[in-house]
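Structural description and commentary
Below, each chain spelled out in residue letters.
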Number of protein chains: 2
Amino acid sequence: MKNGKPSRKERDYLRHRQEILQTALELFSQRGFHNVSMHEIATASEFAVGSLYKFFSNKEDLYRALMIDTSKVFHSSLMAALTTSGNELEKIRACVEARIKVFMENIDYVRLYLAETRGASFNIKAGLDSDIKIRYNVFLQKLANVFESGIRKKVFKKFDPYLLAVALDGISNAFLFEHFNNPDKHPFDASLILDIFFQQIYEKGEMEKCNLVK
Amino acid sequence: MKNGKPSRKERDYLRHRQEILQTALELFSQRGFHNVSMHEIATASEFAVGSLYKFFSNKEDLYRALMIDTSKVFHSSLMAALTTSGNELEKIRACVEARIKVFMENIDYVRLYLAETRGASFNIKAGLDSDIKIRYNVFLQKLANVFESGIRKKVFKKFDPYLLAVALDGISNAFLFEHFNNPDKHPFDASLILDIFFQQIYEKGEMEKCNLVK
DNA sequence: TCATATGTTGAATTTTGATTCATATCATGA
DNA sequence: TCATGATATGAATCAAAATTCAACATATGA
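Residues numbered from 1 in each chain as written. Chains lettered and ligands numbered in written order. Predicted model: local features only at pLDDT ≥ 70, side-chain atom pairs only at ≥ 80, totals over all residues. Heavy atoms only, no water.

Focus on the overall build of chain A
- Regarding its fold elements, chain A presents 10 helices and zero strands.
- Start at the N end of chain A and walk to the C end: the helices and strands fall as α-α-α-α-α-α-α-α-α-α.
- Counting the 214 residues in chain A, one finds 53% classified as buried.
- Summing over all exposed atoms, chain A offers an accessible surface of approximately 10200 Å²; the carbon and sulfur share of this is 52%. (Helix = DSSP H or I, 4+ residues; strand = E, 2+ residues; numbered from the N terminus. Buried < 20%, exposed > 50% of the residue type's maximum accessible area, 1.4 Å probe, protein only. Areas by Shrake-Rupley, 256 points an atom, 1.4 Å probe, with all protein chains shown as cover.)

Considering helix α9 (residues 190-198) of chain A
All names here are of chain A.
- The buried count for α9 comes to seven of nine residues, which makes it a mostly enclosed element.
- For α9, the full list of buried residues reads A190, I193, L194, D195, I196, F197 and F198.
- A distance of 3.2 Å separates the backbone nitrogen of S191 from a side-chain oxygen at the start of α9, and that oxygen is part of D189. (Polar contact = N/O pair within 3.5 Å; in protein donor to acceptor, adjacent residues only side chain to side chain.)

Topic: the packing of aromatic side chains
- Scanning the entire structure with this criterion turns up 24 aromatic pairs over all chains.
- Where F55 of chain B meets F56 of chain B, the ring centres are 6.4 Å apart and the plane angle is 40°; that geometry is what we call tilted.
- Judged by relative accessible area, F55 of chain B falls into the buried class, the value being 14%.
- With a centroid separation of 5.7 Å and 25° between ring planes, the pair formed by F156 of chain B and F198 of chain B is classed as stacked. Here F156 of chain B, found in the loop between α7 (129-152) and α8 (161-181), pairs with F198 of chain B, found in helix α9 (residues 190-198); they are 42 residues apart in sequence, far enough to count as distant.
- Under the relative-accessibility criterion, F198 of chain B is labelled buried at 0%.
- An aromatic cluster is defined as three or more aromatic residues linked by ring pairs; in this entry it consists of Y13, F47, F55 and F56 of chain A.
- The cationic tip of K59 of chain A hangs over the ring face of F33 of chain A; the distance from NZ or CZ to the ring centre is 4.6 Å.
- Seen from the ring of Y162 of chain B, K185 of chain A lies directly overhead, with NZ or CZ sitting 4.6 Å from the centre. (Phe/Tyr/Trp six-rings, centres within 6.5 Å; stacked < 30°, edge-to-face > 60°. Lys NZ or Arg CZ within 6 Å of the ring centre and 35° of its normal.)

A closer look at the protein's contact with DNA strand D
- For DNA strand D, the set of nearby residues contains 16 residues, the closest of which are S51 of chain A together with R8, M38, Y53 and K59 of chain B.
- Take the atoms of DNA strand D that sit within 4 Å of the protein: sugar and phosphate atoms are 64% of them.
- In the environment of DNA strand D, a phosphate oxygen lies 2.8 Å from a nitrogen or oxygen atom belonging to the side chain of Y53 of chain B.
- Secondary structure elements with two or more residues in the surface near DNA strand D: α3 (49-55) of chain A together with α2 (38-45) and α3 (49-55) of chain B.
- Sorting elements by how many residues they give to the surface near DNA strand D places α3 of chain A first, with four residues.
- Taken together, the residues of the surface near DNA strand D sort by class into seven nonpolar, six polar and three charged. (Near = heavy atom within 4 Å. Nonpolar A, V, L, I, M, F, W, Y, C, P; charged D, E, K, R; others polar.)

A look at the domain arrangement of chain A
All names here are of chain A.
- The domain boundaries assigned to chain A delineate domain 1 (1-56) and domain 2 (58-209).
- Taken together, the contact between domain 1 and domain 2 spans 16 residues of the former and 15 residues of the latter.
- Between domain 1 and domain 2, a total of about 1500 Å² is buried, with carbon and sulfur atoms accounting for 70% of that surface.
- On the domain 1 side of the interface with domain 2, the three residues burying the most area are L25, F33 and F56, jointly 40% of the side's total.
- In this assembly, domain 1 and domain 2 are joined by one salt bridge. (Domains from an automatic or database assignment. Contact = heavy atoms within 4.5 Å. Buried area = accessible area lost by both parts, 1.4 Å probe. Salt bridge = Lys/Arg side-chain N within 4 Å of Asp/Glu carboxyl O.)

Re the nonpolar core
- Among the nonpolar cores identified, the biggest contains 138 residues, and I41, F147 and F175 of chain A together with I41, F147 and F175 of chain B are the most heavily contacted of them.
- Other than its neighbours up to four places away in sequence, I41 of chain B contacts I20, T23, A24, L27, F28, V36, L52 and L62 of chain B. (Core = buried A, V, L, I, M, F, W, Y, C linked by side-chain atoms within 4.5 Å.)

So, the protein's contact with DNA strand C
- Around DNA strand C, the structure places 18 residues, and the nearest of them are R8, M38, Y53 and K59 of chain A together with G50 of chain B.
- Those atoms of DNA strand C that come within 4 Å of the protein belong to sugar or phosphate at a rate of 65%.
- Separating a base nitrogen of DNA strand C from a backbone N or O atom of G50 of chain B is a distance of 3.4 Å.
- Side-chain polar atom of S51 of chain B to a phosphate oxygen of DNA strand C: 3.1 Å apart, as the coordinates give it.
- Only α2 (38-45) and α3 of chain A together with α1 (8-31) and α3 of chain B provide two or more residues apiece to the surface near DNA strand C.
- Along the lines of polarity and charge, the residues of the surface near DNA strand C split into seven nonpolar, seven polar and four charged.

So, the pattern of salt bridges
- Counting across every chain of the model gives 20 salt bridges over all chains.
- D12 of chain B is paired through a salt bridge with R15 of chain B; the nearest N and O atoms lie 2.6 Å apart. Placement of the pair is D12 of chain B and R15 of chain B together in helix α1, with a separation of three residues, close to one helical turn.
- Here D12 of chain B falls in the partly exposed class, since its relative accessible area comes to 22%.
- Salt-bridge contacts for K153 of chain B lead to E88 of chain B; the nearest nitrogen and oxygen are separated by 3.0 Å. Residue K153 of chain B is found in the loop between α7 and α8, and its partner E88 of chain B is found in helix α5 (residues 88-105); the two are separated by 65 residues along the sequence.
- What you see here is one network of salt bridges that share partners, running through D12, R15 and E19 of chain A.

Focus: the environment of Q30 of chain B
- Position of Q30 of chain B relative to the elements: it lies in helix α1.
- When the C-alpha positions of Q30 of chain B and A174 of chain B are compared, they lie 20 Å apart, and in sequence the two are 144 residues distant.

A few points about helix α1 (residues 8-31) of chain A
Residue and element names in this part refer to chain A.
- When the terminal C-alpha atoms of α1 are compared, their 34 Å separation across 24 residues agrees well with the 34 Å that a helix rising 1.5 Å per residue should span.
- Residues of α1 that are buried: R17, I20, L21, T23, A24, L25, L27, F28 and S29.
- Directly after α1, the chain includes G32, whose backbone phi takes a positive value near 90°. (Expected span 1.5 Å × (residues − 1).)

Structure (structure tokens):
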């Protein structure tokens, strides 16, 4: 590398590294960190075991690189959607759509991502907390800000904006899982999510009857 | 055992088994299946390694027993709530409340449960699919039936009832996680969940302006 | 009290899989 | 073409953990 122009060797190195990561991603997302051996990754990526250790100092390091790399793609994609021009609803819609898009394009990664952000992260001794989870919380907070702004403008009702963000995120994830389990029956669609989230579920008039309303 | 009355030995056996499961649950939920050794479980439960194999044929079997046993408690608790007397909203409220209660009482189990039902089940080669997940789907379907009944009575709007169930489930899980991560800031409360789920989030009048409504 | 059955133990064995490193292969430039 | 350094290989090593089993303890009841 001479100021900015990577040499062929360097490009090769990076490409090889990328190939390994991609293969590992597929295997991990299929069977989980502990049920995939370095030998398998080596065979599947057409390298020798020893070579893997030229790229990553150990299995955990490989996994970490994988997760962090991809989480950056996710994160910037979602954040970009939230900075889109438009009113609050348009931002939120863009965000839901971006999420669908990026999830669909990285389906292998999603199971691992959700396991790390939502589930209990048992794969790595420590460390993804201080990266993926933080990034995830930044996103949630930014989404909350959009809700808050909508509330200030009296477009949304006065709910805790952070909880709204959590709720929307929860619905999205739930639909995503549903889609995984049954892709044909449940297309994964932004309007579906937004409709259920934003429209009142009660029929007009019925809501006043119940004790839910303050 | 002579028709129904378990002998002392049998009660001992069952109690010991239960103690092992309880210990294992704590350890697994803390550090995950693969990061807990049989020796640790043995030490913590005050048995010898060998003894564990008198109760369970191997580690995976122990884990499976653990998950299935507890999932039954969960399941029957949620199902009972849905069979409560009352109208649709009352059933749904009862269900959300039951979920909160049973989750709080089995916090150790919850992380594992969610990992298995929502995340990818990487711990067990195969088998929990055909048990926990099925039970979970039965619950979802039953919840969907309640929504459907509400829709027939024109109390709820015409959404796909199954998707409503998925959405409510998703919100509940999301709030649960939030509560885990920040117990003081986010009390885990049924009304909160139901409010966000059932009340329109848009201010009156604002909804008509947007392109969301059909 | 003793013989038998039943339950418990944990050191020894086996398995699994991560990691290493001496050797082979390849690319480069003299 | 050959020497040299860089890179790739995978059999051998090592460590961790699952599983086994011969020996030990304890309870039962004749």
